[in-house]
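A closer look at the structure
Listed here are the chains, written in short residue letters.
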Amino acid sequence: MFLRRPPPAQLPPPRRARPDTVDANLAVGRAKVDASETFEEAAAHLSPREVFSILNDGSVLSTVLQKP
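Across all of its chains, the model carries 1 salt bridge by this definition. A salt bridge links glutamate 50 to lysine 32; the nearest nitrogen and oxygen atoms lie 3.0 Å apart. Of this pair, glutamate 50 sits in helix H3 (residues 48-55) while lysine 32 sits in helix H1 (residues 24-35), and the two are 18 residues apart along the sequence. Note on lysine 32: relative accessible area 28%, which makes it partly exposed.

Another aspect to go through is H3. Among the residues making up H3, those that are buried are Glu50, Val51, Ser53 and Ile54. Each buried residue of H3 lies within a common arc of 165° when the element is viewed along its axis, so the set occupies one face. Turned more than 90 degrees off the buried face of H3, the exposed positions are Pro48, Arg49 and Phe52.

Below, the discussion takes up the nonpolar core. Judged by nonpolar contacts, Leu26, Val33, Phe39, Ala42, Leu46, Val51, Ile54, Val60, Leu61, Val64 and Leu65 together constitute the single largest core of 11 residues. Elements represented by at least two residues in this core include exactly H1, helix H2 (39-45), H3 and helix H4 (58-65). In terms of residues, this core owes the most to one element, H4, which gives 4 residues.

Turning next to the environment of aspartate 23. Mapping aspartate 23 onto the fold places it in the segment before H1. Classification of aspartate 23 by relative accessible area gives partly exposed; the value is 26%. Separated by 27 residues in sequence, aspartate 23 and glutamate 50 have C-alpha atoms that sit 9.5 Å apart.

Our focus in this paragraph is H1. Under the 1.5 Å per step criterion, the end-to-end length of H1 is 17 Å for 12 residues, consistent within 8% with the ideal 16 Å. Here H1 has its buried residues at Leu26, Gly29 and Val33. Projected down its long axis, H1 carries its buried residues within an arc of 65°, all on one side. Away from its buried face by more than 90 degrees, H1 exposes Asp34 and Ala35. Where H1 is buried, its residues contact H2, H3 and H4.

Across the protein, pLDDT averages 84, with 76% of residues at or above 70. Mean pLDDT across the secondary structure elements of the protein bottoms out at H4, with 89, and peaks at H1, with 96.

Calculation notes
- Residues numbered from 1 in each chain as written.
- Predicted model: local features only at pLDDT ≥ 70, side-chain atom pairs only at ≥ 80, totals over all residues.
- Heavy atoms only, no water.
- Salt bridge = Lys/Arg side-chain N within 4 Å of Asp/Glu carboxyl O.
- Helix = DSSP H or I, 4+ residues; strand = E, 2+ residues; numbered from the N terminus.
- Buried < 20%, exposed > 50% of the residue type's maximum accessible area, 1.4 Å probe, protein only.
- Arc of directions from axis to C-beta.
- Core = buried A, V, L, I, M, F, W, Y, C linked by side-chain atoms within 4.5 Å.
- Expected span 1.5 Å × (residues − 1).
- Contact = heavy atoms within 4.5 Å.
- pLDDT = per-residue confidence, 0-100.

Given below as structure tokens:
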């Protein structure tokens, strides 16, 4: 499993959205997180690249860490 629950103080700051760039791995990872019922289900369906993008985005990482 790639994701573990870090302390909230270690979360990265949110990314600043730019209209000229889209992180496709983050977008797909966010969709998988939103479609998952639990942390374990979300972690099981994410690719390594999606995990990397989520780990670098505090808002999505916070969402996945709040899942039961």
